[in-house]
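In case you want the letters, here they are:
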Amino acid sequence: AEYLKSPLYIVSAGLGVVNSESKIPLYNLTVSNGVTNSINSKIINKTNPNEWWHLITTENPFGKSLSDVIVDYSGNLILIALSKPYISLIKDELANIPVQIQKNLRFFGKNLNLFLPDHLIENWMPYDDRLDSSGIGYSGTQTDFAQRALRHFVMEILDKKHLIDAKTHSNLVLNYLTPFTKLK
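Remember, it's a predicted structure, so these values are computed and weren't measured experimentally.

Trainee: Looking at this model, I keep getting lost on the nonpolar core. Mind explaining?
Mentor: The biggest cluster of nonpolar side chains holds 25 residues, and the ones touching the most others in it are Ile70, Leu82, Ile90, Leu94, Leu105 and Phe107. For this core, the secondary-structure elements that each account for two or more residues are helix H2 (49-58), helix H3 (66-72), strand S3 (78-81), helix H4 (84-95) and strand S4 (105-108). With five residues, the top contributor of residues to this core is H4. Beyond its immediate sequence surroundings of up to four residues, Phe107 is in contact with Ile80, Leu94, Leu112, Leu116, Leu120, Asn123, Trp124 and Met125. Within the second largest apolar cluster, 13 residues are counted, among which are Met125, Leu158, Val173 and Leu177.

Trainee: I tried to follow unusual backbone geometry on my own but got confused; where do I start?
Mentor: Both trends apply: most residues other than glycine have a negative phi, and most peptide bonds are in trans. A positive phi angle, close to 55 degrees, is found at Asn111, a residue other than glycine. Topologically, Asn111 is positioned in the loop between S4 and helix H6 (145-157).

Trainee: Would you explain the confidence of the model for the protein chain in this entry?
Mentor: Segments scoring low in pLDDT should not have their predicted coordinates read at a detailed level. In the predicted model, the protein chain carries a mean pLDDT of 84, and 83% of its residues have values of at least 70. The secondary-structure element of the protein chain with the lowest mean pLDDT is helix H1 (residues 39-42), recorded at 61, while S4 shows the highest, at 95.

Trainee: Looking at this model, I keep getting lost on the packing of aromatic side chains. Mind explaining?
Mentor: Two measures describe an aromatic ring pair: the distance that separates the ring centres and the angle between the ring planes. This model, assessed by the stated rule, comprises four aromatic pairs. Geometrically, the ring pair formed by Phe108 and Tyr127 is tilted, given 6.2 Å between the ring centres and 40 degrees between the ring planes. With a gap of 19 residues between them, Phe108 in strand S4 and Tyr127 in the loop between S4 and H6 connect regions that are remote in the sequence. A single burial state applies to Phe108 and to Tyr127, both of which are buried. A cation over a ring is seen here: Lys110 above Phe145, with NZ or CZ 4.6 Å from the ring centre.

Trainee: What am I meant to see in the packing of H2 against H4 here?
Mentor: Packed helix pairs are specified by the crossing angle of their axes together with the interaxial distance, meaning the distance between the axes. Relative to each other, H2 and H4 sit at 75 degrees, their axes nearing to 7 Å. When the axis of H2 is compared with that of H4, the two are roughly perpendicular. For the pair H2 and H4, the contacting residues are Pro49, Asn50, Trp52 and Trp53 in the first and Ser88, Leu89, Ile90, Lys91, Asp92 and Glu93 in the second. Among the residues making up the contact of H2 with H4, the classes are represented as five nonpolar, two polar and three charged.

Trainee: Sorry, what's going on with the environment of Ser139 here?
Mentor: Mapping Ser139 onto the fold places it in the loop between S4 and H6. The spacing of Ser139 and Leu183 is 44 residues in sequence and 9.8 Å in space, taken between C-alpha atoms. Ignoring sequence-local partners within four residues, the contact set of Ser139 consists of Asp132 and Arg148.

Criteria and cut-off values
- Residues numbered from 1 in each chain as written.
- Predicted model: local features only at pLDDT ≥ 70, side-chain atom pairs only at ≥ 80, totals over all residues.
- Heavy atoms only, no water.
- Core = buried A, V, L, I, M, F, W, Y, C linked by side-chain atoms within 4.5 Å.
- Buried < 20%, exposed > 50% of the residue type's maximum accessible area, 1.4 Å probe, protein only.
- Helix = DSSP H or I, 4+ residues; strand = E, 2+ residues; numbered from the N terminus.
- Contact = heavy atoms within 4.5 Å.
- pLDDT = per-residue confidence, 0-100.
- Phe/Tyr/Trp six-rings, centres within 6.5 Å; stacked < 30°, edge-to-face > 60°.
- Lys NZ or Arg CZ within 6 Å of the ring centre and 35° of its normal.
- Axes fitted to C-alpha atoms, helices over the stretch in contact; angles between N-to-C directions.
- Parallel < 35°, antiparallel > 145°, perpendicular 65-115°, else oblique.
- Nonpolar A, V, L, I, M, F, W, Y, C, P; charged D, E, K, R; others polar.

Okay, structure coming up:
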């Protein structure tokens, strides 16, 4: 974000979409299952992730909805790095993004194309495990894969002069990864 001179927002399971410079209360929640701080272990009446997301983005003063942030920056390229569990939180919002704004979204995360709404699949940047062998600063754990892919995109792929379409961005990613093999 600093490199692009752009704001950084964080998708928080407990607060909604939060500006990285905002002061927020201490909390400990995740969308990962099987851990004590999972939102699933906190939900009474088995609310689904979309309902949880709606409640935290409308009922707390610290975060916003993803839609609100996207509309605020609708004329800009919007880069979104997420893991699969977070997609389940925001899937309803993604399904309702206005068509004219959709073209400016780029998604980063391993196999997120399998979980995005159909109309946004082409906005997914096709990074895979070859990223780990592509150069210094881009290898790491699976936990931070989406963030590393986004960093690579910003540093190596992104055309800083103008917006180009998602298909062209996707092809540039594939062309970059082509000579690399997945690490074992």
